[in-house]
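Structural description and commentary
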Amino acid sequence: MLKAVIFDLDGTLTDSDKVHFEVYKSFFAEHNIELDRDGYRQKVSGRQNNAILADFLPQLSAAEKEDFSDRKEETFRYLAEGQLEPLPGLLDLLSQIKRLGLAAAVVTNAPPENAAFMLSELWLTEAFYPL
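Notes on the structure follow. What you see is a predicted model, and the numbers here were worked out from it, not measured in a lab. (Residues numbered from 1 in each chain as written. Predicted model: local features only at pLDDT ≥ 70, side-chain atom pairs only at ≥ 80, totals over all residues. Heavy atoms only, no water.)

**Observations regarding the overall build of the protein**
Along the backbone of the protein there are six helices and two strands. Taken from N to C terminus, the helices and strands of the protein fall in the order β-α-α-α-α-α-β-α. Projected onto its principal axes, the C-alpha coordinates of the protein cover approximately 50 × 25 × 25 Å. By residue count, 37% of the 131 residues in the protein fall in the buried class. Long-range pairs, those at least 24 residues apart, make up 71% of the contacts in the protein between residues at least 6 apart in sequence. For the protein, the computed accessible surface area is about 8300 Å², with 51% contributed by carbon and sulfur atoms. (Helix = DSSP H or I, 4+ residues; strand = E, 2+ residues; numbered from the N terminus. Buried < 20%, exposed > 50% of the residue type's maximum accessible area, 1.4 Å probe, protein only. Contact = heavy atoms within 4.5 Å. Areas by Shrake-Rupley, 256 points an atom, 1.4 Å probe, with all protein chains shown as cover.)

Here's what the structure looks like:
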């Protein structure tokens, strides 16, 4: 018997890639790296910062990679404020899940601060178990 439904966050609850792409494009330009949408989809989207930086900027020290990642995520949250929307049909689906008495959870490889931010922006914090 079905007891719970688990959702991924990025791309399932909301389309955050448009903001991530712009941030990566800007940050990579600081290092003379050009990033187009195809390159983003193939080499960046869905991956964690440490793996992305290992491919694109392997010369950075561990401290520089951490700083890059921190700045990138802060910039993402700043630019995404007021820009994220639930994907079509999501709110109806969550209402149906609640009516059926099912638990709902969200999983993501996004940093915890981003996950909390996005759920808050989408007004979905209460729809899922705590992170």
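**Some details on helix H1 (residues 17-29)**
The end-to-end C-alpha distance of H1 is 18 Å, a good match for the 18 Å that 13 residues give at a rise of 1.5 Å each. Buried within H1 we find Val19, His20, Phe21, Val23, Tyr24, Phe27 and Phe28. The elements touched by buried residues of H1 are helix H2 (37-43), helix H3 (49-56), helix H4 (62-80) and helix H6 (112-121). (Expected span 1.5 Å × (residues − 1).)

**Some words on a negative patch on the surface**
A contiguous patch of negative charge, built from Glu66, Asp70, Glu74 and Glu113, is present on the exposed surface. Per-element accounting of the negative patch gives the leading share, three residues, to H4. Summarising the element assignment, aspartate 70 is placed in helix H4. Take aspartate 70: its relative accessible area is 41%, and that puts it in the partly exposed class. (Patch = residues over 30% accessible without salt bridge, like charges linked within 9 Å, V, L, I, M, F, W, Y side chains within 5 Å. Salt bridge = Lys/Arg side-chain N within 4 Å of Asp/Glu carboxyl O. Lys, Arg positive; Asp, Glu negative; His and termini not counted. Charge placed at Lys NZ, Arg CZ, Asp CG, Glu CD.)

**With respect to the nonpolar core**
Leu13, Phe28 and Phe128 are the most contacted members of the largest nonpolar core, which has 37 residues in total. The element best represented in this core is H1, accounting for six residues. Once residues within four sequence positions are removed from consideration, leucine 13 is found in contact with Phe7, Asp8, Glu85, Pro86, Leu87, Leu90, Val106, Leu119, Leu122 and Phe128. (Core = buried A, V, L, I, M, F, W, Y, C linked by side-chain atoms within 4.5 Å.)

**Focus: unusual backbone geometry**
Residues other than glycine predominantly adopt negative phi, and peptide bonds predominantly adopt the trans conformation. A positive phi angle is found at asparagine 32, which is not glycine, with a value near 60°. For asparagine 32, the position within the fold is in the loop between H1 and H2. The exposure class assigned to asparagine 32 is exposed, which follows from its relative accessible area of 75%. The phi dihedral of tryptophan 123 falls on the positive side, at around 60°, and the residue is not glycine.

**A short note on the packing of H1 against H4**
Contact geometry of H1 with H4 gives a least axis separation of 9 Å together with a crossing angle of 135°. Viewed along their axes, H1 and H4 adopt a mutual orientation that is oblique. Crossing of H1 over H4 shows right-handed handedness. The segment H1 lies against H4, with Val19, His20, Val23, Tyr24, Phe27 and Phe28 engaging Phe68, Arg71, Lys72, Glu73, Thr75, Phe76, Leu79 and Ala80. Here the contact of H1 with H4 is composed, by residue class, of nine nonpolar, two polar and three charged. (Axes fitted to C-alpha atoms, helices over the stretch in contact; angles between N-to-C directions. Parallel < 35°, antiparallel > 145°, perpendicular 65-115°, else oblique. Left-handed = near helix turned anticlockwise from the far one by under 90°. Nonpolar A, V, L, I, M, F, W, Y, C, P; charged D, E, K, R; others polar.)

**Overview of the side chain of arginine 77**
Here arginine 77 shows up in helix H4. The buried charged residue arginine 77 lacks any salt bridge, with glutamate 113 as its nearest oppositely charged partner at 4.9 Å. A distance of 2.6 Å separates the side chain of arginine 77 from the side chain of asparagine 114, its partner in a polar contact. (Polar contact = N/O pair within 3.5 Å; in protein donor to acceptor, adjacent residues only side chain to side chain.)

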